[in-house]
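# Architecture at a glance
Here are the chains, one letter per residue:
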Amino acid sequence: MRISRSYQLLLTLTLLLFCRPSWAQLNTADVTGFVGDRTNAAIVGAAVQMTNISTGVQRGAKTNTSGRFVIPALIPGNYTVQILKTGFAAAQLENITLRAGEVRDLQVKMEVGATNQVVDVVTSDLINTDNPEQITTLGSHQIDLLPTASRDWTSLVTQGNGLAMNNSRGTLIMNGLPSGGFRFTVDGVDAEGQPSLPSFSQYQNYNLIKGVSKEAIQEVSITRGIASADVGGTMSGNVNVITKSGTDQMHGDVFWLNNITVFNARNQFVNTRQPIIYNQYAASLGGPIIPHKLFYFGAYEGYHLSSQSSVSGTVPTPQFRAAALAAQPVYKSWFDIFPDPNTPYKPTDTAALFQGSGSQTGQDNYGDLRVDYYPAKAWQTIFRYTRARPDQLTPNIAPLNPQTRLGYTEGGSASVLYTRNDFLSESRFGFNYNDEKRVNGLWTLGVNSIRKFSGIDAGSGENLFQGGRTMTIEEKITKTFDHHIFKFGGNYLRRLAQRADVQVPELQYANQSDFFQNIPNAIQVTYGVSLYNLRTYEVGSFFQDDWKLSDRLTINAGVRWDYFAPAYADDDRFYNRSGPFGLGPYLPAGTSWNSQWSSASPRFGFTYRADKSGNTVIRSGFGAFYSPHVLFGGPIGQVRDSLTAPTRANFSRNDVLKYGSLLQFPVVNAATLPLAVTTDSTSVIDTNYPNPYSLQWLLSVEQQLSRNWALDLSYVGNHGIHLTTTRQINQPDRLTGNRPSSNLGTFNFYDATESSNYHALQASLTRRFANHLSWNLYYTWAKALSHTDEADIISPVALQNPFNLGADYGPASSDIRNRLTSNFVYQPLFSEILGQNCKPWLCDGWQIAGVVTAQSGNPINILQASGLASSRPDATSVQPVLTDYRNTRRYLNASAFTKVPLNSVSGLPADFGNESRNGVYGPGLFNVDLSLARSLTVHERYGFRFQAEMLNAFNHTNYVGITSDVTSSSFGQITSSAGARVVQFSGKLQF
């Protein structure tokens, strides 16, 4: 159902009268506490003042009749706390570090004495004593010193329990839930790299500077688990970057990083080192405009890449090429795009492996500016602007089919905070623009793409533009009352996705006989669509009560409501069908799916201090969390120029036999358009398409072992509901080759029947930075189950049997049973360790940092390429994994699977394969990244740091790229690794 814009505005304004931003709690920190005397009796009216060490900005509160106080919405950073009360010595807490999303509870006892006396108070702060959220924070010293490839800070966001990257999309899997259900924000405002799906990066994760330059990051907060009711729009969690602000002292830096061939190890699958010249450069400057009131911070970062990148894949053998061209000379344009294989093969082989390299280039120019203004003690405003211009050229196994990209990003935000006694108001506005142009070489050449024939596949030939923007308005009210902190509010987000896309025809062949006769068994023709505007919006509101029931027990209870509008296109160009599985007539133009108004999300949790000192805390909670349907996948395929102008058509082998040369290589888009009008293959979305959500639960025990060490043991579980399922409907009959509905082609049908389950034991051991060392260790044992991929809401792979969802239930693609990761930063003072013989100017200023990752393998889905989606072979009783794969580079045993026979009429598998989805696990991974840095003081205001980073420091071979298609001549073969050792050198001048 589409709602008029005037009604949207009315609904939004109504909610914003009492609303709170969906993600703003991740942008600031709250401090609560109790002030008492030596007998623990409440001290009423004590003045609590917090001072930001960097800016000198102060915030304060007074204790109430219960001795409690609340100072909400503090900018993350380091603070001093001073507490004054007549008749008592002043209490002072030094260097209190606040992180985004944190609720710090301070327990302070004041001593009787003169107010000019000062008593230092020591407080424990390593464990969460206030809510059941799971928060992992990457501080500025970790972001700055931990080794990262090309300064990509997102490689560090998996430093925590239950976290895994989907690198092909630039999205984050949190506790086994869909990566399309996470949210990425900067300073609490939407910063997703693509309007059509949530991600750190632009489409397919090609840009290296994601969202924010490392120079501008103060900290990264990764929040999941049982979040309070003010968290909305995400079924899994949020990653929020807090940017740096100016301080009372002007400061800045100039940075340069270099990576060249001579220092890198040879890739394990090529014979020589791959040439690379990579330069990355950055600068930042921040300081006061008006001390204590107006501050600025700006950063610039760019890079230039020129390298040879590894490519590997299956290509035609010269013998097969000659035989095929003798039979069908028209194939020449396709064969010409491939090199000959360079690995051993038999003269009778159709295809063999090619391993080599191709030219890769890339660059970006990124800028960021933040201004903080404190016009009065009760007011704070923040303004931020960012821009980026990435581009990239990537090679292909077919040298004539490289891919070029040109990106555009523009964004900004404004925040206003007002505090008065026990009242807080936060207002935020943000906008985010992203555009991208992507072209494949096959499109430029106009050559058809033959897909998955004996494993030979050069990919698509596409001319794509996509982009759009988001706009957010948010408001928050916080009111403290005795032992309660009440929060209520809401948010409004508008999303626009734009797209124009056309592709060369793609053909598949059942066997060599059909290939020699030029009889495809599946043809996909994409006619494209002119530029369109696809829109949706979100409105949310909530109420939350954090109730300090006693000094030991805190209750967190709340509920939120969200409305996620169904997608609609300008000019009513959204076309959808009704009926079971989309086989019915077209609905009125502009109709997508039915609105869902019942997205209420209750949340409940508690924290209990098991001992008086608060060193042992038990946390537990349960909650429901909704996400909107992402526009990528189903919705973007529903827009077309008119009802009689299909965007795509799928033809079968029987169509080829009927229409002859129109559907034989080379196929011409325009020539087949009359056929497409009567063979409509446009995708369909179920009109009953409820919003995806998760039910999550947690039980955690945290123990502060000492002042600087803490241990956490947690059981985490969740159940994903109404996730997206893709079914290929109206497939050709496996025996006759005829489609059940002759007036329709095979099409994707999207519904919300997918579900997922996740159970995990998560343990962490944390040492905060003290005595020159910080160290974090995370271990997760988990089991993730689904019916499709990672249990997706973006664009999941279709079911093998479109009418049997249960047959595909099995491990999710993100099911990593065991994962351990650790990071450390060590700043030794060798002059203290080695004594007087080691001079400080030589022995001090060193920093050693590292990241260690060890995990079991991801599942592998064994496939049998055919004219039907997700076909799998039959399994035998033979062990599928070969134990000597490190010597042979062949991981899968071909004897463990048998191909389902093809029907001679349809050219399709005669039945469904009985091999289970994701039934085999791949090899594990072990990796160590190390960094060694030396800081020198050049002058009292200037310093210089030299840093060397080794990624995969021990050059351990981690195998990836296992060919899992049983029809490929290289089935089971390992075709690539996760990369050899890379060495980066950098220098930073700081002032």
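Quick caveat: nothing in here was measured; it's all calculated off a predicted structure. (Residues numbered from 1 in each chain as written. Predicted model: local features only at pLDDT ≥ 70, side-chain atom pairs only at ≥ 80, totals over all residues. Heavy atoms only, no water.)

### Here's the deal with the sheet that holds strand 4 (residues 68-74)
- Taking strand neighbours across the sheet as the criterion, the three strands line up as 4-1-7 in an open arrangement whose pairing is mixed. The sheet is open, and its two borders are formed by strand 4 and strand 7 (103-109), each paired with just one other strand. Looking at each pair of strands side by side, their axes are set apart by 15 degrees on average, direction ignored. (Pairing = 2+ DSSP bridges. Helix = DSSP H or I, 4+ residues; strand = E, 2+ residues; numbered from the N terminus. Axes fitted to C-alpha atoms, helices over the stretch in contact; angles between N-to-C directions.)

### Observations regarding the environment of Gln-82
- Here Gln-82 lies in strand 5 (residues 77-84).
- A residue is classified by how much of its surface remains accessible, and Gln-82, at 28% relative accessible area, is partly exposed.
- Between the alpha carbons of Gln-82 and Pro-732 there is a distance of 76 Å; along the sequence they are 650 residues apart.
- Discounting chain neighbours no more than four positions away, the residues touching Gln-82 are Ala-47, Val-48, Gln-49, Ala-91 and Gln-92. (Buried < 20%, exposed > 50% of the residue type's maximum accessible area, 1.4 Å probe, protein only. Contact = heavy atoms within 4.5 Å.)

### A closer look at the UniProt feature "domain: TonB-dependent transporter Oar-like beta-barrel" (unreviewed entry) in the chain
- Under the feature "domain: TonB-dependent transporter Oar-like beta-barrel" (unreviewed entry), the UniProt entry names residues 242-326 and 328-984.
- Span residues 242-326 is 11% helix and 59% strand, its end C-alpha atoms 63 Å apart. (UniProt positions renumbered as here; feature names shortened; annotations may be inferred.)

### Considerations on the packing of aromatic side chains
- Counted under the stated rule, the structure contains 43 aromatic pairs.
- Centre to centre, the rings of Tyr-331 and Phe-335 are 6.4 Å apart; their planes meet at 70 degrees, and the pair counts as edge-to-face.
- Owing to a relative accessible area of 0%, Tyr-331 belongs among the buried residues under this scheme.
- For Phe-335, a relative accessible area of 0% gives the class buried.
- Aromatic side chains Trp-379 and Tyr-418 sit 4.6 Å apart centroid to centroid with 45 degrees between the ring planes, which places their arrangement in the tilted category. Of this pair, Trp-379 sits in strand 20 (residues 379-388) while Tyr-418 sits in strand 22 (residues 403-420), and the two are 39 residues apart along the sequence.
- For Trp-379, a relative accessible area of 38% gives the class partly exposed.
- Grouping aromatic residues by their ring pairs yields a cluster made of Phe-320, Tyr-331, Trp-334, Phe-335, Phe-338, Phe-453, Tyr-509, Phe-515, Phe-516 and Phe-665. (Phe/Tyr/Trp six-rings, centres within 6.5 Å; stacked < 30°, edge-to-face > 60°.)

### Describing the sheet that holds strand 9 (residues 133-138)
- In space, the five strands of this open sheet follow the order 9-14-15-12-13, with mixed pairing throughout. Edge strands, defined here as strands with exactly one partner in the open sheet, are strand 9 and strand 13 (189-190).
- In this structure, strand 14 (residues 217-225) lies alongside strand 15 (residues 237-243), joined through seven bridges in antiparallel fashion. Within the sheet, the bridge partner assigned to Thr-223 lies in strand 15 and is Asn-238.

### Quick notes on the environment of Val-254
- Of note, Val-254 is situated in strand 16 (residues 251-260).
- Accessibility expressed as a relative area gives 45% for Val-254, which makes it partly exposed.
- C-alpha of Val-254 to C-alpha of Arg-917: the two residues are 663 residues apart in sequence and 51 Å apart in space.
- Apart from residues no more than four positions distant in its own chain, Val-254 is found in contact with Ala-282, Ala-283, Gly-987, Lys-988 and Leu-989.

### Quick notes on the side chain of Ser-201
- Following the sequence through the fold, Ser-201 ends up in the loop between strand 13 and strand 14.
- Apart from residues lying up to four places away in sequence, Ser-201 is in contact with Arg-169, Gly-170, Gly-193, Gln-194, Asn-207 and Lys-210.

### A few points about the layout of surface pockets
- Taken as a whole, the second largest pocket holds about 480 Å³ of empty space.
- Considering the residues around the second largest pocket, the lining is formed by 21 residues, among which Gly-60, Ala-61, Lys-62, Asn-421 and Asp-422 are closest to the centre.
- The greatest single-element share of the lining of the second largest pocket, amounting to five residues, is contributed by strand 3 (residues 58-62).
- Structurally, the lining of the second largest pocket is a two-domain feature, drawing no fewer than three residues from each of domain 1 (5-118) and domain 2 (257-825). (1 Å grid on protein atoms, 1.4 Å probe; cavity = no way out; pocket = protein on both sides within 12 Å on 5 of 7 lines; lining within 4 Å. Points joined across faces, edges and corners; volume = space filled by probe spheres on them. Domains from an automatic or database assignment.)

### Here's the deal with the pairing of strand 4
- In terms of burial, strand 4 is a largely internal element, seven of the seven residues being buried.
- Here strand 1 (residues 29-36) runs beside strand 4; their pairing, made up of five bridges, is antiparallel. Of the residues in strand 4, the one forming a bridge with Ala-29 is Leu-74.

### What to know about the pattern of salt bridges
- Under the definition given, this model contains 44 salt bridges.
- In this structure, Glu-506 and Arg-451 form a salt bridge, with 3.1 Å as the shortest nitrogen-oxygen distance. A residue pair is termed long-range when its members are at least 10 positions apart, and Glu-506 in strand 27 (residues 506-508) and Arg-451 in the loop between strand 24 (449-450) and strand 25 (462-481) qualify at 55 residues. Of the two residues, Glu-506 and Arg-451, both sit in the buried class.
- One continuous salt-bridge network, built from bridges that share partners, spans Asp-144, Arg-151, Glu-215, Glu-301, Arg-945 and Lys-988. (Salt bridge = Lys/Arg side-chain N within 4 Å of Asp/Glu carboxyl O.)

### Some points on empty space enclosed by the protein
- This model, assessed by the stated rule, comprises 12 cavities of 30 Å³ or more.
- Taken as a whole, the second largest cavity spans an internal volume of roughly 400 Å³.
- Together, 38 residues line the second largest cavity, and Val-103, Asn-131, Lys-487, Asp-546 and Asn-556 are the ones closest to its centre.
- Counting only elements with at least two residues in the lining of the second largest cavity, the list comes to strand 1, strand 4, strand 26 (484-503), strand 29 (529-548), strand 30 (553-564) and strand 32 (599-609).
- A per-class count over the lining of the second largest cavity returns 12 nonpolar, 13 polar and 13 charged.
- Taken domain by domain, the makeup of the lining of the second largest cavity includes at least three residues from each of domain 1 (5-118) and domain 2 (257-825). (Nonpolar A, V, L, I, M, F, W, Y, C, P; charged D, E, K, R; others polar.)

### Focus on helix 8 (residues 669-677)
- Regarding helix 8, the residues found buried are Asn-669, Thr-672, Leu-675 and Ala-676. Considered in projection along helix 8, the buried side chains sweep an arc of 110 degrees and stay on one side of the axis. For helix 8, the exposed residues lying more than 90 degrees away from the buried face are Ala-670 and Pro-674.
- Looking at the packing, one finds that the buried side of helix 8 touches strand 26, strand 28 (522-526), strand 34 (648-652) and helix 7 (653-659). (Arc of directions from axis to C-beta.)

### Comments concerning the domain arrangement of the chain
- Assigned domains within the chain: domain 1 (5-118) and domain 2 (257-825).
- With 35 residues of domain 1 in contact, the opposing surface of domain 2 contributes 43 residues.
- Between domain 1 and domain 2, a total of about 3,300 Å² is buried, with carbon and sulfur atoms accounting for 58% of that surface.
- Counting across the interface, domain 1 meets domain 2 through three salt bridges.
- One salt bridge connects Asp-105 with Arg-609, and the closest N-O pair in it is separated by 2.7 Å. (Buried area = accessible area lost by both parts, 1.4 Å probe.)

### Details of the nonpolar core
- In terms of nonpolar packing, the biggest core is built from 37 residues, with Trp-153, Phe-184, Val-220 and Val-239 touching the most fellow members.
- For this core, the element with the highest residue contribution is strand 18 (residues 294-316), accounting for four residues.
- Dropping the residues within four chain positions of it, Trp-153 is found in contact with Phe-184, Phe-200, Lys-210, Val-212, Lys-214, Ile-217, Val-220, Val-239 and Val-241.
- By size, the runner-up hydrophobic cluster in this structure holds 34 residues, among which are Phe-338, Ala-351, Tyr-527 and Val-656. (Core = buried A, V, L, I, M, F, W, Y, C linked by side-chain atoms within 4.5 Å.)

### Here's the deal with the confidence of the model for the chain
- For the chain, per-residue confidence averages 91 on the pLDDT scale, and 96% of positions sit at 70 or higher.
- Long-range and interchain partners of residues 6-25, a stretch whose pLDDT sits below 50, account for 64 contacts in this model, where long-range means more than four residues apart. (pLDDT = per-residue confidence, 0-100.)

### Focus: unusual backbone geometry
- Here the residue pair Phe-665 and Pro-666 is connected by a cis peptide bond, since its omega of -5 degrees sits within 30 degrees of zero.
- Topologically, Pro-666 is positioned in the loop between helix 7 and helix 8.
- A positive phi angle, near 55 degrees, is found at Asp-482, a position not held by glycine.
- On the secondary structure map, Asp-482 appears in the loop between strand 25 and strand 26.

### A short note on a nonpolar patch on the surface
- On the surface, Val-254, Leu-936, Val-938, Tyr-942, Phe-944, Phe-946 and Leu-989 cluster together into a nonpolar patch covering about 610 Å² of accessible area.
- Here the element with the most residues in the nonpolar patch is strand 48 (residues 942-951); it accounts for three residues.
- Checked against the element boundaries, Val-938 lands in strand 47 (residues 925-939).
- Classification of Val-938 as exposed rests on a relative accessible area of 58%. (Patch = residues over 30% accessible without salt bridge, like charges linked within 9 Å, V, L, I, M, F, W, Y side chains within 5 Å. Areas by Shrake-Rupley, 256 points an atom, 1.4 Å probe, with all protein chains shown as cover.)

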